[in-house]
Amino acid sequence: MKRFVQLVKREFKLFFRNTTLLLVFILAPLIYALLIGLTYKDGKVENVPVIVVDYDHTPASSQLVEMLNDNNTIKVLNYTVKPANIKDEIIKTQAAAMVVIPERFEAMMQQGQYPEVNAYINTSNLLTANFASKSIQVVMGTYAAGAEMKALQKKGMPAELAKTKYEPFKANYITLFNTTSNYLLFMWPAIMAVVLQQVIMLAMAVSFASDFRRKDFVEIFRRESKLKLMLVKAIPSLFFANLNVLFFYLFSLVFKIPTPAGLGIFFLNTELFILASIFLAVFVSVLIPNALKATQILMVIASPAFIMSGFTWPAIAMPPIVNALTSIVPLTPFLEALKISVIQQGNGFLTRPYALHLLILLIVFFVLSWITLVVKKKMVIRKKYRRLLEQRNAQQSS
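Here the structure is a predicted model, which means the values were calculated and not measured.

Criteria and cut-off values
Residues numbered from 1 in each chain as written. Predicted model: local features only at pLDDT ≥ 70, side-chain atom pairs only at ≥ 80, totals over all residues. Heavy atoms only, no water. Helix = DSSP H or I, 4+ residues; strand = E, 2+ residues; numbered from the N terminus. Buried < 20%, exposed > 50% of the residue type's maximum accessible area, 1.4 Å probe, protein only. Phe/Tyr/Trp six-rings, centres within 6.5 Å; stacked < 30°, edge-to-face > 60°. Salt bridge = Lys/Arg side-chain N within 4 Å of Asp/Glu carboxyl O. Pairing = 2+ DSSP bridges. Right-handed = clockwise from strand over helix to strand, strands pointing away. Core = buried A, V, L, I, M, F, W, Y, C linked by side-chain atoms within 4.5 Å. Contact = heavy atoms within 4.5 Å. Axes fitted to C-alpha atoms, helices over the stretch in contact; angles between N-to-C directions. Parallel < 35°, antiparallel > 145°, perpendicular 65-115°, else oblique. Nonpolar A, V, L, I, M, F, W, Y, C, P; charged D, E, K, R; others polar. pLDDT = per-residue confidence, 0-100.

**A few points about the side chain of glutamate 336**
Along the chain, glutamate 336 falls in helix H14 (residues 331–343). We classify glutamate 336 as buried; its relative accessible area is 17%.

Shown next as structure tokens:
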């Protein structure tokens, strides 16, 4: 036990002497947490530019323009003439859409001719396009319903009856989970999990690679049990990863991210995620002791993990081979558990399948790391024996 404590102390000393590790594990997560939080601080997009061309200039068309302008999501850019080139004008003004109200709009409605209002949606950015499109549809639908009801009332139909004639049934849309469609709540926790996995992998790659260049570590590596060595290397990363989790929690209070439901289960899932990421990094770092190559491979694993995890783009829309590949990355099950705990505020038992997934990954990577270290130890001993043999032969020949 005394020897184990000495090795852990040595590991912490080396950690604090390594400026790269300090930057990666302490400074980088803090910067990311602050920048991402400030980026999505408002949580939703407002004042999206929308070009509105009114050819009619009547009370009816003016009311429609006013209703569009009253929508918080939209910022109306009034045009009296349709631009010669719609695409160029949308690019120049960075508008999310263009709404064109035709001539004789009011007259055609009064005559029951159903005029067409064209909305051109700029889908180069799907996020702003969705916000603008949804807002325009809501305004158009409200305006159309009001106009139809007014027409029926002019024919002598009572207001309540006119309402039922236009709307034969009432549809209630009840939003569950993230009811305000807050983008900060959706993205921030997930990106912090991505950052945490990346810093763990980078730190372990740098730690192992730099240690294999030290003569004292090679001697320690040759003498100590592989299980003890794995635990010694994992403890500093586990400590600083949990410190990052604490920092993230404090930042979440600042940005008003809800506290995860079932804190005990959430922290258990978090520990499984951290340990699985650590031993995945140990496995790759021991297998490839070159710091640069190990880092490159780990980043190849970590970088696309968020995109292919199924968190933003649904897993059911991905090929089975992609789902199979992403299932071996700890981030994938953890993001699902994180979504249940933070965004959906679900009961802890709902995260059990993902906790089991993380536990399996932890065991697999732990065993692979241990096997790799055992093989590596034999190679180190064989290399040392060969060197001693060469020295003895050299002495005999001289």
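**Re the packing of aromatic side chains**
Between two aromatic rings, the relevant description is the distance of the centres plus the angle of the planes. With the rule as written, the count across this model stands at 10 aromatic pairs. Ring geometry for tryptophan 188 versus phenylalanine 248: centroids 6.4 Å apart, planes at 85°, classification edge-to-face. Here the residue tryptophan 188 occupies a position in helix H8 (residues 183–211), and phenylalanine 248 occupies one in helix H10 (residues 226–254), the gap between them amounting to 60 residues. On the basis of relative accessibility, which here comes to 3%, the residue tryptophan 188 falls in the buried class. Relative accessible area serves as the criterion here: at 9%, phenylalanine 248 is assigned to the buried category. Between the aromatic rings of phenylalanine 239 and phenylalanine 240, the centroid separation amounts to 5.0 Å while the plane-to-plane angle is 85°, which identifies the pairing as edge-to-face. Owing to a relative accessible area of 3%, phenylalanine 240 belongs among the buried residues under this scheme. An aromatic cluster is built from Tyr40, Tyr183, Phe186 and Phe311, whose rings are joined through pairwise contacts.

**Some points on the pattern of salt bridges**
Within the structure shown, the criterion is met by two salt bridges. In this structure, lysine 92 and glutamate 89 form a salt bridge, with 3.5 Å as the shortest nitrogen-oxygen distance. One end of the pair is lysine 92 and the other is glutamate 89, both in helix H4 (residues 86–93) and three residues apart, which spans about a single turn. We note a salt bridge from glutamate 336 to lysine 339, for which the minimum N-O separation is 3.6 Å. Separated by three residues within a single helix, glutamate 336 and lysine 339 lie in helix H14, roughly one turn from each other.

**Things to note about the pairing of strand S1 (residues 48–54)**
In terms of burial, S1 is a largely internal element, six of the seven residues being buried. Pairing of S1 with strand S2 (residues 74–79) involves six bridges; the strand directions are parallel. Bridge assignment links proline 49 to a residue of S2, and that residue is lysine 75. Since S1 and S2 lie parallel, the crossover through helix H3 (residues 59–70) that links them has a hand, and here it is right-handed. Bridge analysis of S1 against strand S3 (residues 97–101) gives five bridges, and the strand direction is parallel. The residue bridging aspartate 54 from the neighbouring strand is isoleucine 101, located in S3.

**A few points about the nonpolar core**
Counting residues in each nonpolar core, the largest one holds 66 residues, and the members touching the most others are Trp188, Leu196 and Leu331. Take this core: its biggest share by element is 18 residues, from H8. Not counting residues within four places of it along the chain, the set of residues in contact with leucine 331 comprises Ala193, Val194, Gln197, Phe273, Ala305 and Phe306. Residues Ala60, Leu64, Leu68 and Ala97 belong to the second largest nonpolar core, which totals 18 residues.

**Regarding the packing of helix H1 (residues 2–17) against helix H2 (residues 19–39)**
Where H1 contacts H2, the two axes come as close as 5 Å, and the packing angle between them is 85°. Classified by the angle between their axes, H1 and H2 sit roughly perpendicular to one another. Residue-level contacts link Phe15, Phe16 and Arg17 of H1 to Thr19, Leu21, Leu22 and Phe25 of H2. Here the residues of the contact of H1 with H2 sort into five nonpolar, one polar and one charged.

**With respect to the confidence of the model for the protein chain**
Per-residue confidence for the protein chain gives a mean pLDDT of 79, with 82% of residues at or over 70. At the level of individual helices and strands, the protein chain shows its lowest average pLDDT in helix H9 (residues 215–223), which scores 58, and its highest in H14, which scores 90.

**Brief notes about the side chain of threonine 332**
Within the secondary structure layout, threonine 332 lies in helix H14. Of the residues examined, threonine 332 reaches a relative accessible area of 11% and is grouped as buried.

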